[in-house]
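Coordinate inspection notes
Take a look at the letters that make up each chain.
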Amino acid sequence: MKNFKKDFDVVLSMIDSGYHFSISRYGDGEMVVMDGKKIDITRKANGEFRYDPEVKKDEESRQMLIDSFKYRSDNYFVGIGCRCCVGDNNFMKMKDLSGQYEENLTWANIFVNSNYEHVKNDLIPLLSKKKVVMVAHAMADISGLPFDVVKTFRCLPNAFTRSIELVDEIKDWIKDNDVKDHVFVMCAGPLACILAHKLHEFNKENTYIDFGSGLDVMMSLGKTRGYLAGDHYLTKTCVW
């Protein structure tokens, strides 16, 4: 049986050892998009994302999101909504739809809730020993991060469609500069899922992490999630 903290420890160990991998995470918002249902949470936080099945560009991004969810590789890991957060039916639905082997599945929440203290105390300090590339919100202030950043790629609000060109832009940068042994920390909503897939498929000599909101306070983006504000989610240990 999977264990919330132990899965985090595996990710931490891979980063520490320099083992290259990629992880993409799919919460309830990504699930809505993959189901083809309209969603608009652009007024949330600093501008999240929206999807409209009637918009061609949105549908193209949706298909890329599904492709990232189903992409399979030995060192590619997919985080899905857990039973305690999305319910048994949605958990099984996501698990089956992904087509992933059990060992390649983990929690969508692996970096939040009760694991967030370990992110702050163990994972973030570890990044100071790595060559880090950031994919971050256009308004993010990376000068507040407690680690050096080699390169930053900026994404717009609703990056899922408005910044999709970053896929090719980052690929070109990796190729032109022969980038290897870097850790890509991607804070870009559903776009990060797509990047985790496309960049890993393109070059497996780097690590690509769909990091989420864990650096938002440090980047002066605010307490965009409940766990960042210190609510009860900080003590919530998700179950498989």
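Here the structure is shown first, and the text comes after it.
Given the structure is predicted, the values throughout are model-derived calculations rather than measurements. Sequence positions are assigned chain by chain, starting from 1 and proceeding in written order. At least 70 in pLDDT is required for a residue's local features to be given in this predicted model, at least 80 for side-chain atom pairs to be given and counted, and no such filter applies to totals for whole chains, interfaces and linings, which use all residues. The basis for every side-chain value is the complete set of non-hydrogen atoms in the structure, without hydrogens or water.

**Some points on the environment of G36**
Examined against the element boundaries, G36 turns out to sit in the loop between α2 (28-34) and β2 (39-40). We classify G36 as partly exposed; its relative accessible area is 24%. Placed 15 residues apart in sequence, G36 and Y51 show a C-alpha to C-alpha distance of 8.3 Å. The criterion used for residue contact is that any of the two residues' heavy atoms lie within 4.5 Å. Beyond its immediate chain neighbours, meaning those up to four positions away, G36 contacts Y51, P53 and R62. Working definition: helices are DSSP H or I runs of at least four residues, strands are E runs of at least two. Numbering for both runs from the N terminus. Accessibility here uses a 1.4 Å probe with only protein chains present; expressed as a share of the type maximum, an area under 20% marks a residue as buried, one over 50% as exposed, and anything in between as partly exposed.

**Some words on the pattern of salt bridges**
Here a salt bridge means any side-chain nitrogen of Lys or Arg lying within 4 Å of a carboxyl oxygen belonging to Asp or Glu. One pass over the structure, following the stated rule, counts 12 salt bridges. Between E59 and R62 there is a salt bridge, with the nearest N and O atoms lying 2.7 Å from each other. Residue E59 and its partner R62 are both found in helix α3 (residues 56-70); the two are separated by three residues, about one turn of the helix. The salt bridge partner of K95 is E102, with a shortest N-O separation of 3.0 Å.

**Points about the sheet that holds strand β5 (residues 105-107)**
Pairing between two strands is assigned when DSSP locates at least 2 bridges connecting them. The sheet built from seven strands is open, its strands ordered β5-β4-β1-β9-β8-β6-β7 with parallel pairing. Unpaired on one side and paired on the other, β5 and β7 (149-155) mark the two borders of the sheet. The sheet shows a mean angle of 20° between the axes of neighbouring strands, taken without regard to direction. Bridge analysis of strand β1 (residues 22-26) against strand β4 (residues 76-80) gives five bridges, and the strand direction is parallel. Looking at β4, one finds that Y26 is bridged to I80. With respect to the sheet, α3 is in contact with β1 and β4, its orientation differing from that of β1 by roughly 120°. Axes here mean lines fitted to C-alpha atoms, for a helix over just the part in contact, with angles spanning 0 to 180 degrees between N-to-C directions.

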